[in-house]
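Take a look at the letters that make up each chain.
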Amino acid sequence: MASNPRFIFVIGGVMSGIGKGIASASTARILKSKGYRTTCIKIDPYLNVDAGTMNPIEHGEVFVTEDGKETDQDIGNYERFLDEDVPSLNYMTSGSVYLSVIERERALKYDGACVQIVPHIPEEVIRRLNLAAKKSKADFVLVEVGGTAGEYENLVFLEAARMMHLKSPKSILFMLISYFPIPSKIGEMKTKPTQHAVRALNSAGIQPDFIIARSLIPLDEPRKKKLSVFCNVNADDIISAPDIDNIYQVPINFEKEKLGAKILKKFGLRESKEDMREWGKMVKRALFSKKEVKIGIVGKYFGTGKFTLSDSYISVIEAVKHSAWHFGRNPKIFWLDAELYERNPEKIKEELSQIDGIIVPGGFGSRGVEGKIKAISYARKIKKPFLGLCYGMQLAVVEFARNVAGMNGANSTEVNSKTKYPVIDLMAEQKEKVFSGNMGGTMRLGAYGCRLKDKTIAKRAYGTRTIHERHRHRYEFNNALQNILESKGLVVSGVNPESGLVEIVELKDHPFFVGTQFHPEFKSRPLHPHPLFHEFIKACLSSRK
Ligand code: GLN
């Protein structure tokens, strides 16, 4: 069927953060389970050319695709729900679209035409959507439009959607994900904000086919009817999406309202099969895992005012969950503040002794670094399972160099460019990039091969000789100091076969002490937990005994 892909545009109403990404990914999962090739695309309204230059506290995690694009965290949701890699073509920002159009104009490719926001920007968006659909051979393409209806910033994307619909109305559907507040003093669910969102969409020339109603509780019949009249959407096509405990329940809940069948019907397609068995089993395991496994994440990207946000580490958290559920455990995550450990080292023992394992995830810059190193030191000495991801691995090397190999003051040159022992350093190629100042999208990005050494934790976990894992970093393990570090007991268990770059380090005589230069968390899926996280959780459970 792939010769004629169908597009479903997913647009937000009322406010952000209500789960557009999860709704898109869940709908995609449902259509995939019915035997259709399905993919998801995200359009971000930012002028940043990619997500790599955005602050993780503001924008959440930067998710890296297999082919090395720095994207929005929703691409991670798509991969986890679809259980497939999503290529870089499936992500675009306003910045990247404008850049292409302007570059084309500079290359005289518009034949002297006056280049304008409309139609040239939507045309470039449409070109990209069609290309991504073609490359993935998808029957269905979910297109998540960032922002909310009525905003200035995503209008041009709605214009692209409208133009596509005009040309081919039978192959386009629109889905509004909207929020229904229940103000505590009123005590009633309000539909008015959504009515306004639909008006805003209408003024962009779009009429939603479905409304996904996000709220604390399911929408009741009187409100469905009212909304149906005021928004011109069939009551049957208003799908309740109340708050739930576990995001992976969403496809199952949507299916309780027969969303998949309703979509197929609108496209004039018949439902032939459905297979949500594996997914259902996974969700059950997740919901019924009661015994805890306690994991501490030592980081710095979670404080904003009075709130703690975990979005900067979403793939790490999801990877922990996938593996914990696999063991029938309920993961309890503790946010451990690296900067607090610098001010108050007493806290390290107090907090870390309560948990089963420690993760030091990726990071940048010097803030909080010494606190992380102290936490790693603690994990090494008292033999607490430790998993270091990217910066976490680099700092584990620094800790080992300083406290085991006697390299006083060892550091990453990211933190101290004058250190006597630059155990983590910039490669010549990266130095040039930093020097030129043109740094966007120039880290080591995407999947690289890694050969594993026999008789190591890494080899045992993966059970295979060569792996491919995703990177996002500028600094590298300094091979000039490899011999001396190895002679002091550091095990280099994974190396890139082409460049000789060190990809994994670990320690012997420790239940689990592993650091990876790459980000394994990007490849963990609920149906396929990542082998390293799996091994880490296993160690957490057995070291507790
Ligand atoms: N700051 C380190 C580097 O650039 C690690 C990056 C990361 O953890 N993703 O190499």
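Here we summarise the structure given alongside this text. (Residues numbered from 1 in each chain as written. Predicted model: local features only at pLDDT ≥ 70, side-chain atom pairs only at ≥ 80, totals over all residues. Heavy atoms only, no water.)

Description of the overall build of the protein chain
At step 1: A count of helices and strands for the protein chain gives 20 helices and 23 strands.
At step 2: What you see for the protein chain is a C-alpha radius of gyration of 25 Å, in line with the 24 Å of a compact globule of 545 residues.
At step 3: In the protein chain, 73% of the contacts between residues at least 6 apart in sequence involve partners at least 24 apart.
At step 4: Surface accessibility of the protein chain: about 23500 Å² in total, with carbon and sulfur atoms responsible for 52%. (Helix = DSSP H or I, 4+ residues; strand = E, 2+ residues; numbered from the N terminus. Rg over C-alpha atoms; globule rule 2.2 N^0.38 Å. Contact = heavy atoms within 4.5 Å. Areas by Shrake-Rupley, 256 points an atom, 1.4 Å probe, with all protein chains shown as cover.)

Focus: the side chain of Glu521
At step 1: Mapped onto the secondary structure, Glu521 falls in the loop between β23 (513-516) and α20 (531-544).
At step 2: In this structure Glu521 touches Ser315, Val316, Ala319, Leu389 and Phe533, once residues within four positions along its chain are discounted.

Brief notes about the sheet that holds strand β21 (residues 490-495)
At step 1: Taking strand neighbours across the sheet as the criterion, the 9 strands line up as β13-β10-β14-β15-β23-β22-β21-β18-β19 in an open arrangement whose pairing is mixed. In the strand order of this sheet, the two ends are held by β13 (330-337) and β19 (466-473), each with one partner. Direction aside, the axes of adjacent strands within the sheet are offset by 30° on average.
At step 2: Bridge analysis of strand β18 (residues 444-452) against β19 gives 8 bridges, and the strand direction is antiparallel. Paired with Ala447 across the strands is Arg470, a residue of β19.
At step 3: Against the sheet, helix α15 (residues 369-381) engages β10 (292-299), β14 (357-360), β15 (386-389), β22 (502-507) and β23, with an angle of about 145° to β14. (Pairing = 2+ DSSP bridges. Axes fitted to C-alpha atoms, helices over the stretch in contact; angles between N-to-C directions.)

What to know about the packing of α15 against helix α16 (residues 391-403)
At step 1: Between α15 and α16, the least distance of the axes is 9 Å, while the angle of their chain directions is 70°. Taken together, the axis directions place α15 and α16 in an arrangement best described as roughly perpendicular. Classified by chirality, the crossing of α16 by α15 is right-handed. Contacts from Val369, Glu370, Lys372, Ile373, Ile376, Ser377 and Arg380 in α15 reach Tyr391, Gly392, Leu395, Ala396, Val398, Glu399, Arg402 and Asn403 in α16. (Parallel < 35°, antiparallel > 145°, perpendicular 65-115°, else oblique. Left-handed = near helix turned anticlockwise from the far one by under 90°.)

A short note on the site of the ligand
At step 1: Around the ligand, the surrounding shell consists of Gly362, Gly363, Phe364, Cys390, Tyr391, Gln394, Glu414, Arg472, His473, Arg474, Tyr475 and His519.
At step 2: Tyr475 has a polar backbone atom sitting 2.8 Å from an oxygen atom of the ligand.
At step 3: Compared with its free state, where it exposes 300 Å², the ligand has 98% of that area covered by protein.
At step 4: Elements supplying a minimum of two residues to the shell around the ligand: α16 and β19.
At step 5: Grouping the constituent residues of the shell around the ligand by class yields 4 nonpolar, 5 polar and 3 charged. (Near = heavy atom within 4 Å. Polar contact = N/O pair within 3.5 Å; in protein donor to acceptor, adjacent residues only side chain to side chain. Nonpolar A, V, L, I, M, F, W, Y, C, P; charged D, E, K, R; others polar.)

Considering the nonpolar core
At step 1: Core analysis: the largest hydrophobic core is formed by 46 residues, its most contacted members being Ile8, Phe140, Ile212, Phe254, Leu259 and Ile263.
At step 2: The greatest single-element share of this core, amounting to 6 residues, is contributed by helix α1 (residues 20-33).
At step 3: Discounting chain neighbours no more than four positions away, the residues touching Phe254 are Ala23, Ser26, Thr27, Ile30, Ile212, Ile239, Ala241 and Leu259. (Core = buried A, V, L, I, M, F, W, Y, C linked by side-chain atoms within 4.5 Å. Buried < 20%, exposed > 50% of the residue type's maximum accessible area, 1.4 Å probe, protein only.)

Describing the pattern of salt bridges
At step 1: What the rule picks out here adds up to 41 salt bridges.
At step 2: A salt bridge links Asp85 to Arg470; the nearest nitrogen and oxygen atoms lie 3.1 Å apart. Of the two residues, Asp85 is situated in the loop between α3 (73-82) and β5 (91-93) and Arg470 in strand β19; the sequence distance between them amounts to 385 residues.
At step 3: Look at Arg470 and you get buried, because its relative accessible area is 0%. (Salt bridge = Lys/Arg side-chain N within 4 Å of Asp/Glu carboxyl O.)

What to know about the environment of Leu387
At step 1: You can see Leu387 is positioned in strand β15.
At step 2: In contact with Leu387, not counting residues within four places along its chain, are Ile358, Ile359, Val360, Phe512, Val514, Phe533 and Phe536.

A look at the packing of aromatic side chains
At step 1: Tallied over the entire structure, the rule returns 11 aromatic pairs.
At step 2: With a centroid separation of 5.1 Å and 80° between ring planes, the pair formed by Tyr36 and Phe140 is classed as edge-to-face. In this pair, Tyr36 sits in the loop between α1 and β2 (38-44) while Phe140 sits in strand β6 (residues 140-148), placing the two residues 104 residues apart along the sequence.
At step 3: The buried category is assigned to Tyr36, whose relative accessible area is 12%.
At step 4: Where Phe63 meets Phe522, the ring centres are 4.9 Å apart and the plane angle is 65°; that geometry is what we call edge-to-face. Here Phe522 lies in the loop between β23 and α20 and Phe63 lies in strand β3 (residues 62-64), a separation of 459 residues in the sequence. Neither residue differs from the other here; Phe63 and Phe522 are each classed as buried.
At step 5: Through a chain of ring-to-ring contacts, three or more aromatic side chains come together here, namely Phe81, Tyr248, Trp279 and Trp325.
At step 6: It is Lys266 that lies over the ring of Phe210; its NZ or CZ is 5.2 Å from the centre. (Phe/Tyr/Trp six-rings, centres within 6.5 Å; stacked < 30°, edge-to-face > 60°. Lys NZ or Arg CZ within 6 Å of the ring centre and 35° of its normal.)

Thoughts on the packing of α1 against helix α10 (residues 259-266)
At step 1: Two numbers describe how α1 lies on α10: the axes approach to 9 Å, and their chain directions differ by 75°. As the angle between them shows, α1 and α10 are arranged roughly perpendicular. Of the residues in α10, those touching α1 at Thr27, Ile30 and Leu31 are Leu259, Gly260, Ile263 and Leu264.
At step 2: Its residues placed into classes, the contact of α1 with α10 shows 5 nonpolar, 2 polar and no charged.

Here we look at unusual backbone geometry
Excluding glycine, residues mostly have negative phi values, and the peptide bonds linking residues are mostly trans.
At step 1: Looking along the chain, the bond that leaves Val118 and enters Pro119 is cis, with omega of 15°.
At step 2: Take Pro119: it is sitting in helix α5 (residues 117-136).
At step 3: Not every positive phi belongs to a glycine, and Lys383 is a case in point at roughly 60°.
At step 4: Structurally, the position occupied by Lys383 is in the loop between α15 and β15.
At step 5: A positive phi angle, close to 55°, is found at Lys455, a residue other than glycine.

Quick look at helix α8 (residues 221-231)
At step 1: Of the positions making up α8, those classed as buried are Arg223, Lys224, Leu227, Ser228 and Cys231. Seen along its axis, α8 keeps its buried residues to an arc of 140°; they face one direction. Counted as exposed and oriented over 90 degrees from the buried face of α8: Pro222, Lys225 and Val229.
At step 2: Here the buried face of α8 lies against α7 (192-203), β8 (210-215) and β9 (238-242).
At step 3: Just past α8, the residue Asn232 takes up positive phi, approximately 65°. (Arc of directions from axis to C-beta.)

A closer look at the environment of Pro208
At step 1: Among the structural elements, Pro208 can be located in the loop between α7 and β8.
At step 2: Given the relative accessible area of 3%, Pro208 is considered buried.
At step 3: Once the C-alpha coordinates of Pro208 and Asp237 are considered, the two residues, 29 residues apart in sequence, prove to be 9.7 Å apart.
At step 4: With residues up to four places along the chain from it excluded, the contact list for Pro208 reads Phe174, Leu176, Val198, Leu201, Asn202 and Val233.

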